Amino acid sequence: MSAPTEAGEPLLDIGEVAQRSGLAPSALRFYEKKGLIEAAGRNGLRRAYRPEVLERLALITCARGAGLSIAEIHRFLVARPSDADLRARMTARAEALDEQIGRLTRLRDSMRHAAVCTHAPIVDCPDFKRAVGGVPTALSPTAPPAPALQP
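Fair warning: this is a prediction, and the values are worked out from it, not measured in the lab. (Residues numbered from 1 in each chain as written. Predicted model: local features only at pLDDT ≥ 70, side-chain atom pairs only at ≥ 80, totals over all residues. Heavy atoms only, no water.)

**Overview of the overall build of the chain**
Then, in step 1: Of regular secondary structure, the chain possesses six helices and three strands.
Then, in step 2: Listing each helix as α and each strand as β along the chain from the N terminus yields β-α-α-β-β-α-α-α-α.
Then, in step 3: Relative to its 151 residues, the chain shows a buried fraction of 26%.
Then, in step 4: For the chain, contacts bridging at least 24 residues in sequence account for 52% of all contacts bridging at least 6.
Then, in step 5: Carbon and sulfur atoms provide 58% of the accessible area of the chain, an area that totals close to 9,600 Å². (Helix = DSSP H or I, 4+ residues; strand = E, 2+ residues; numbered from the N terminus. Buried < 20%, exposed > 50% of the residue type's maximum accessible area, 1.4 Å probe, protein only. Contact = heavy atoms within 4.5 Å. Areas by Shrake-Rupley, 256 points an atom, 1.4 Å probe, with all protein chains shown as cover.)

In structure tokens, the structure reads:
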């Protein structure tokens, strides 16, 4: 740990943040360069962060896993309640994520069935086909591309 801040809270060294977040130090520097996180100071030549950065990194990691771009995440992180356009795009994005979650849930369930299915070949199993049949293709009208949060 690094020296405490003026408020007395201990700062975390970049190595400790990397270890706790599961991200490489280079990713932390990249996120800092893109304005997603901010170093609170330095411990010698090493960056140091407030402990709250771990929560922000968890949000960034989750958003990246959901397919949001760095620019979209940045726009979200600096959004204010008065940004009606961003709110509308976030609502549309949330609806697209709900659809994706439904598709992935059906796929997961069908894969679990396939793991214990005795039908040969597994992909011809009526139960497997029924479950997978509910998963629209990426080009299907029921699976629209997720709207971007960036203009």
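**Looking at the nonpolar core**
Then, in step 1: Of all hydrophobic cores here, the largest spans 19 residues; its most connected members are L28, Y31, I37, L57 and I60.
Then, in step 2: Only α1 (14-21), α2 (25-33), α3 (53-65) and α4 (70-77) provide two or more residues apiece to this core.
Then, in step 3: If you tally residues by element for this core, the top one is α3, at four residues.
Then, in step 4: Not counting chain neighbours up to four residues away, the residues in contact with Y31 comprise L23, L36, I37, L57, I60, R64 and I70. (Core = buried A, V, L, I, M, F, W, Y, C linked by side-chain atoms within 4.5 Å.)

**Considerations on the sheet that holds strand β1 (residues 12-13)**
Then, in step 1: The antiparallel open sheet is built from three strands, whose spatial order is β1-β3-β2. Because the sheet does not close on itself, it has two edges, and the strands there are β1 and β2 (41-43).
Then, in step 2: As defined by bridge partners, β1 adjoins strand β3 (residues 46-49) across two bridges and the pair is classed as antiparallel. Along β3, the bridge assignment pairs L12 with Y49. (Pairing = 2+ DSSP bridges.)

**Notes on the confidence of the model for the chain**
Then, in step 1: Chain-level pLDDT for the chain is 85 on average; 83% of the residues reach the 70-or-more range.
Then, in step 2: Mean pLDDT values over the elements of the chain span from 80, in helix α6 (residues 126-133), up to 97, in α2.
Then, in step 3: Counted against residues more than four places away or in other chains, residues 139-144, with its pLDDT under 50, gives nine contacts. (pLDDT = per-residue confidence, 0-100.)

**Some thoughts on the side chain of S110**
Then, in step 1: Looking at where S110 falls in the secondary structure, it is placed in helix α5 (residues 84-116).
Then, in step 2: Setting aside residues up to four positions removed in sequence, S110 forms contacts with F128, A131 and V132.

**Looking at the packing of α1 against α3**
Then, in step 1: With their axes 10 Å apart at the nearest point, α1 and α3 run at an angle of 45° to one another. By the angle between their axes, α1 is oblique relative to α3. Both α1 and α3 take part in a crossing whose hand is right-handed. In this structure, α1 uses V17, R20 and S21 to contact α3, whose residues at the interface are V53, L54 and L57. (Axes fitted to C-alpha atoms, helices over the stretch in contact; angles between N-to-C directions. Parallel < 35°, antiparallel > 145°, perpendicular 65-115°, else oblique. Left-handed = near helix turned anticlockwise from the far one by under 90°.)

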